[in-house]
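As a plain string of letters, each chain reads:
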Amino acid sequence: MNQVRVRYAPSPTGFAHIGNIRTAMYDWLLRKHFGGSFILRIEDTDQARLVPGALEEIMESLRWLGMQWDEGPEVGGPHEPYFQSQRLDLYKEAASKLIKNGSAYYCFCTPDRLAEMRKNQEAEKKPTGYDRKCYLLSKEEINQNIENGVPYVIRFKVPDSGTTVFTDAVRGEITFENKLLDDFVILKSDGYPTYHFASVIDDHYMEITHVIRGEEWISSTPKHMLLYESMGWNPPVWVHPPLILGTDKSKLSKRHGAVRFLDYRDKGFLPEAMINFVALLGWSPGDDQELFTIDELINRFDISGIVNHPAVFDVSKLEWMNGVCIRNSEPDRIIDLCIPFLKDAGLISDALNDNENQYVRTVIALVKEKLKTLAQVVDHTEFFFKNELKYDEKGVKKWLSKDYVPALISNVIKHLNDVIGFTAENVEEAVRIAGDELNISGGQVIHPIRMAVTGRTVGPGLFETMAVLGKERVIVRLKNTMNETADIIAD
Ligand code: GLU
């Protein structure tokens with residue numbers, strides 16, 4: 001294969017979402033697998049729809065995933081500029097070439113006339129499309145209009161008959177009837193190219209070998225093929241990965257979760273989990289392996305693995321993968337990533353002293369294995385930071401309302417007070433002795449004490465939790481709970 005040159009060509013008209021990122025990821029994986037260049041090209045020709053901040057967010061998403069582009073904004077490259085709005089002369093020149101060779105023509109029709117034409121076509125139940133009024137203008141009429149400054153667009157003259165055929169690497173040969181295609185605009189009256197035109201011109205000059213883009217672009221491809229043909233250029237390999245649907249089989253939308261790709265980062269997903277998950281939305285390794293490191297993906301990724309049926313976005317699968325990645329990750333990294341979530345939730349202060357910092361790190365390490373997202377650290381550790389517990393209602397009914405509980409707690413307090421070296425083993429021994437003395441054992445001891453110390457029915461190992469909390473906190477909580485349970489039992 002020649003040097004792979006792939007491009008991710010976002011329009012900065014909104015925030016990057018999963019579909020955009022999947023396209024970029026397949027470009028990047030292909031480039032990493034075969035070598036070559038991954039190009040970031042900004043398709044900013046629809047000036048009215050540009051959204052401030054969108055480009056920064058797109059670049060931030062790629063950087064967060066570690067998908068650095070080889071050419072494009074900020075890094076430059078041999079085909080600068082990488083913003084279409086800065087390449088207008090190139091498109092004008094190409095459009096003139098098409099006018100000269102008879103493949104394109106000036107159109108002076110006003111928006112009002114076009115609306116009227118469309119209305120009539122609809123009323124007569126005819127296919128809508130440009131009626132080629134301006135195709136019939138004489139050279140003199142055209143020159144006159146241009147001289148008079150009449151605004152114009154440039155349209156591509158689609159052949160009246162025949163078919164346009166192309167091969168999609170995922171679906172095989174696809175055929176379109178030319179008569180169903182409209183004479184589409186290639187250059188708008190503001191001098192900007194349309195998407196179709198700019199994309200073809202740039203893909204050619206940037207020497208793109210594979211165009212990877214979502215299935216929704218298949219219907220644009222015959223237009224692009226016609227443009228390549230009339231310019232006398234060879235088209236790239238077309239690759240259209242499938243649609244991404246929600247678990248309810250409808251097109252992925254807001255209802256299915258985050259719209260902004262970076263929301264996943266903000267909710268505490270790890271980049272390697274996102275890469276693993278998104279790569280599998282439309283690509284299959286050919287066996288049932290589901291967990292991949294980034295290097296494994298790079299090794300195994302190939303266009304032949306892109307599937308020809310819709311991909312299903314299942315957030316519970318993403319959470320599972322993220323949990324695996326959190327567990328496989330170095331504790332210190334996860335701890336560092338979790339701390340901002342605790343700060344944002346107001347559970348810890350911005351400036352921690354050494355002791356507090358050590359405590360926070362130990363607490364996070366204790367729950368790390370249980371996290372599916374980093375954001376869950378807040379819920380899992382809240383009780384470590386607040387002595388006023390939120391008691392789980394069912395747990396209160398089931399474990400704290402028993403008659404024996406006040407005596408148990410008070411005996412546990414007594415034995416814990418005597419513990420020197422508040423380690424998990426020493427705590428366990430003290431708690432067991434306290435229970436044995438009252439002839440209470442096993443779950444009858446563990447569950448009420450867990451409720452008393454954490455307010456919860458589940459959590460990390462009880463004795464480890466108590467050891468981390470430390471003697472002082474544990475005893476304060478046991479006493480608080482005793483007062484509460486006295487009320488509960490009195491009720
Ligand atoms: N600018 C188009 C988009 O926003 C790119 C489509 C293509 O890759 O050709 O999706």
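Structure shown above.
First things first, this report covers the structure right here in the doc.

A few points about the overall build of the protein
Next, step 1: Broken down by element type, the protein carries 20 helices and 11 strands.
Next, step 2: Here the C-alpha radius of gyration of the protein, 32 Å, is well above what a compact globule of 491 residues would show, namely 23 Å.
Next, step 3: Across its three principal directions, the C-alpha atoms of the protein cover 110 × 50 × 40 Å.
Next, step 4: Every one of the 491 residues in the protein was classed for burial, and the buried ones make up 48%.
Next, step 5: Considering only contacts within the protein whose residues lie at least 6 apart along the sequence, 75% involve residues at least 24 apart.
Next, step 6: Treating the 57 positive side-chain charges of the protein as one cloud and the 71 negative ones as another, the clouds have centres 4 Å apart.

Regarding the pairing of strand S5 (residues 163-168)
Next, step 1: Residues Thr164, Phe166 and Asp168 line the buried face of S5, whereas the alternating positions Thr163, Val165 and Thr167 sit on a face that is not buried.
Next, step 2: Sheet topology note: the S5/strand S6 (residues 172-177) ladder contains 6 bridges and is antiparallel. Pairing of Thr163 across the sheet is with Glu177, part of S6.
Next, step 3: Hairpin connection between S5 and S6: a loop of 3 residues separates the two successive antiparallel strands.

Remarks on the pattern of salt bridges
Next, step 1: Within the structure shown, the criterion is met by 34 salt bridges.
Next, step 2: We note a salt bridge from Glu60 to Arg63, for which the minimum N-O separation is 3.9 Å. Residue Glu60 and its partner Arg63 are located together in helix H2 (residues 54-65), separated by 3 residues, close to a single helical turn.
Next, step 3: Using a relative accessible area of 30% as the deciding quantity, one classes Glu60 as partly exposed.
Next, step 4: Asp183 is paired through a salt bridge with Arg132; the nearest N and O atoms lie 2.6 Å apart. In this pair, Asp183 sits in the loop between S6 and strand S7 (185-187) while Arg132 sits in the loop between helix H4 (111-123) and helix H5 (139-147), placing the two residues 51 residues apart along the sequence.
Next, step 5: Judged by its relative accessible area of 2%, Asp183 is buried.

Observations regarding the layout of surface pockets
Next, step 1: If you add up the space inside the largest pocket, you get close to 1000 Å³.
Next, step 2: Around the largest pocket, the lining comprises 43 residues; the ones closest to its centre are His17, Gly19, Asn20, Glu216 and Trp217.
Next, step 3: Only strand S1 (5-8) and helix H1 (18-34) provide two or more residues apiece to the lining of the largest pocket.
Next, step 4: It is H1 that contributes the most residues to the lining of the largest pocket, 5 residues altogether.
Next, step 5: A breakdown of the residues in the lining of the largest pocket according to their chemical character gives 18 nonpolar, 13 polar and 12 charged.
Next, step 6: The calculated volume of the second largest pocket comes to roughly 420 Å³.
Next, step 7: As for the second largest pocket, its lining consists of 18 residues, and the residues nearest its centre are Val153, Arg155, Val185, Lys188 and Thr194.
Next, step 8: Sorting the residues of the lining of the second largest pocket by element identifies H4, strand S4 (153-156) and helix H6 (195-205) as the ones contributing at least two each.

Observations concerning the side chain of His79
Next, step 1: Looking at where His79 falls in the secondary structure, it is placed in the loop between H2 and helix H3 (88-100).
Next, step 2: In contact with His79, other than residues within four places in its own chain, are Arg5, Glu71, Arg87, Tyr205, Met206 and Glu207.

Description of the nonpolar core
As a rule of thumb, nonpolar side chains are buried together in soluble globular proteins.
Next, step 1: Judged by nonpolar contacts, the single largest core of 56 residues is most densely connected at Phe384, Phe385, Leu416, Ile449, Met466 and Leu478.
Next, step 2: Not counting residues within four places of it along the chain, the set of residues in contact with Ile449 comprises Leu408, Ile409, Val412, Leu462, Met466 and Leu478.
Next, step 3: The next biggest cluster of nonpolar side chains, apart from the first, holds 50 residues, and it includes Ile18, Phe38, Val239 and Tyr264.

Thresholds applied
- Residues numbered from 1 in each chain as written.
- Predicted model: local features only at pLDDT ≥ 70, side-chain atom pairs only at ≥ 80, totals over all residues.
- Heavy atoms only, no water.
- Helix = DSSP H or I, 4+ residues; strand = E, 2+ residues; numbered from the N terminus.
- Rg over C-alpha atoms; globule rule 2.2 N^0.38 Å.
- Buried < 20%, exposed > 50% of the residue type's maximum accessible area, 1.4 Å probe, protein only.
- Contact = heavy atoms within 4.5 Å.
- Lys, Arg positive; Asp, Glu negative; His and termini not counted.
- Charge placed at Lys NZ, Arg CZ, Asp CG, Glu CD.
- Pairing = 2+ DSSP bridges.
- Salt bridge = Lys/Arg side-chain N within 4 Å of Asp/Glu carboxyl O.
- 1 Å grid on protein atoms, 1.4 Å probe; cavity = no way out; pocket = protein on both sides within 12 Å on 5 of 7 lines; lining within 4 Å.
- Points joined across faces, edges and corners; volume = space filled by probe spheres on them.
- Nonpolar A, V, L, I, M, F, W, Y, C, P; charged D, E, K, R; others polar.
- Core = buried A, V, L, I, M, F, W, Y, C linked by side-chain atoms within 4.5 Å.

Everything listed is a geometric property; what it means functionally is a separate question.
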